[in-house]
Amino acid sequence: MGLRSTESLRIVVLFNNDYSELEPGDPGFSSRIDVENAARSVVDALTARGHRAELLGIDFPELTDAIGALLDDPPDVVFNLCESLQADARHEVVVPALLDLTGVPYTGSGPITLGLALR
């Protein structure tokens, strides 16, 4: 049974906010803050289409609380834009792995694909 295009979904747009520890001059700062800008654009686009979209920025210290919140009040889907944790792209696999383990549906590649893409 597919979703109708008129059905309003609750969508959590998840992104990494691990740039807060970086200095604005750091080479990784601008690419990481661009993830937040992209996440805001996704929320705006989803909201304009009638969905209930919300933004959730995380880094490693908030990860347990964020997954708990998603389990306590599950969205219809998580739009996963997390590209790193603790400013390390090798941790990109953690979020989809946890979402798989908890059964929370999400967009994007799974942890195995992301892990293979690192190599």
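Cut-offs and rules
- Residues numbered from 1 in each chain as written.
- Predicted model: local features only at pLDDT ≥ 70, side-chain atom pairs only at ≥ 80, totals over all residues.
- Heavy atoms only, no water.
- Helix = DSSP H or I, 4+ residues; strand = E, 2+ residues; numbered from the N terminus.
- Buried < 20%, exposed > 50% of the residue type's maximum accessible area, 1.4 Å probe, protein only.
- Contact = heavy atoms within 4.5 Å.
- Pairing = 2+ DSSP bridges.
- Axes fitted to C-alpha atoms, helices over the stretch in contact; angles between N-to-C directions.
- Core = buried A, V, L, I, M, F, W, Y, C linked by side-chain atoms within 4.5 Å.

Undergrad: Tell me about the overall build of the chain, and please be specific about residues and values.
TA: Scanning the chain from N- to C-terminus turns up 4 helices and 3 strands. When the helices and strands of the chain are read in sequence order from the N terminus, they spell out β-α-β-α-β-α-α. A burial count over the chain gives 38% of its 119 residues as buried. Put simply, of all contacts in the chain between residues at least 6 apart along the chain, 69% involve residues at least 24 apart.

Undergrad: Which residues make up the sheet that holds strand β1 (residues 10-16), and what values do they have?
TA: Read across the open sheet, the 3 strands follow the order β2-β1-β3; overall the sheet is parallel. Each having just a single partner strand, β2 (52-58) and β3 (77-81) make up the two edges of the open sheet. Strand-to-strand twist across the sheet, computed as the mean angle between neighbouring axes with direction ignored, equals 20 degrees.

Undergrad: Residue-level account of the nonpolar core, with values.
TA: In this structure, Leu-14, Ile-58, Leu-63, Leu-70, Val-78, Val-95 and Leu-99 are the most contacted members of the largest nonpolar core, which totals 14 residues. Breaking this core down by element, the ones donating at least two residues are β1, α2 (63-72) and α3 (94-102). Ranked by residues supplied to this core, first place goes to α2 with 4 residues. Among all residues touching Leu-70, those that are not within four sequence positions of it are Val-12, Pro-75, Val-78 and Leu-99.

Undergrad: Describe unusual backbone geometry, naming the residues involved and giving the relevant values.
TA: Excluding glycine, residues mostly carry a negative phi; peptide bonds, for their part, are mostly trans. Residue Gln-86 is not a glycine yet carries a positive backbone phi of 50 degrees. With respect to the helices and strands, Gln-86 occurs in the loop between β3 and α3. Non-glycine residue Ala-87 carries a positive phi angle of around 60 degrees. Within the secondary structure, Ala-87 is located in the loop between β3 and α3. For Ala-87, a relative accessible area of 32% corresponds to the partly exposed category.

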